[in-house]
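# Notes for the structure review
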Amino acid sequence: MAKTSPVQFFKEVRLEARKVTWPTWKETWISTAMVFVMGLLAALFFFLVDQGLSYGIRLILGLGK
């Protein structure tokens, strides 16, 4: 395998970085908002499932009032 110098390596990295299609600010904000919304929905879902299972177990074991 051919070895490259650190200078050559960083030149190649810079050339490859120029080829990247970077997202626009609008795409970035939309993606960020979607991540937060999905995170909140997942948290709500697991909270409700946890509460339901907790209620069911308390009912079965007779610990509920």
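Look a little higher up for the structure.
Now for a look at the structure at hand. Every residue gets a number counted from 1 within its own chain, in the order that chain's sequence is written. The predicted origin of the model limits local features to residues at a pLDDT of at least 70 and limits the giving and counting of side-chain atom pairs to 80 or more, whereas totals for whole chains, interfaces and linings rest on all residues. Note that the side-chain values use all heavy atoms of the structure and ignore hydrogens as well as water.

## What about the packing of aromatic side chains?
To keep things clear, this is the line we draw: For this analysis, a ring pair means two rings from Phe, Tyr or Trp (six-membered ring only for Trp) whose centres lie within 6.5 Å, classed as stacked if their planes differ by under 30 degrees, edge-to-face if by over 60, and tilted for the remaining angles. Partly exposed describes any residue whose relative accessible area lies between the buried limit of under 20% and the exposed limit of over 50%, with all areas from a 1.4 Å probe on protein chains only and scaled to the type maximum.
Scanning all chains against the criterion turns up 2 aromatic pairs. Taking the centre distance of 5.3 Å and the plane angle of 75 degrees together, the rings of F9 and F10 count as edge-to-face. Among the residues examined, F9 registers a relative accessible area of 43% and is labelled partly exposed. Centroid distance F45 to F46: 5.1 Å. Interplanar angle 70 degrees. Geometry classified as edge-to-face.

## So, the pattern of salt bridges
For the record, the criterion: Salt-bridge detection follows one rule: a side-chain nitrogen of Lys or Arg within 4 Å of a carboxyl oxygen of Asp or Glu.
In the structure shown here, the tally under the stated rule is 1 salt bridge. Across the pair K19 and E16 runs a salt bridge whose closest N-O atoms are separated by 3.1 Å. Judged by relative accessible area, K19 falls into the exposed class, the value being 61%.

## Details of a nonpolar patch on the surface
To keep it simple, the criterion reads: Note that patches include only residues with greater than 30% relative accessible area and no salt bridge, and the join distances are 9 Å for like charges and 5 Å for nonpolar side chains (Val, Leu, Ile, Met, Phe, Trp, Tyr). Here the Shrake-Rupley method, with its probe set to 1.4 Å, supplies the accessible areas, and only the displayed protein chains count as covering residues. The secondary structure listing takes helices from DSSP runs of H or I that are at least 4 residues long and strands from runs of E that are at least 2 residues long, numbered from the N terminus.
Residues F45, F46, V49 and L53 make up a contiguous nonpolar surface patch of about 420 Å² in total accessible area. Summarising the element assignment, F45 is placed in helix α2 (residues 25-61).

## With respect to the environment of L59
Within the secondary structure layout, L59 lies in helix α2. Residue classification places L59 among the exposed residues on the basis of a relative accessible area of 59%.

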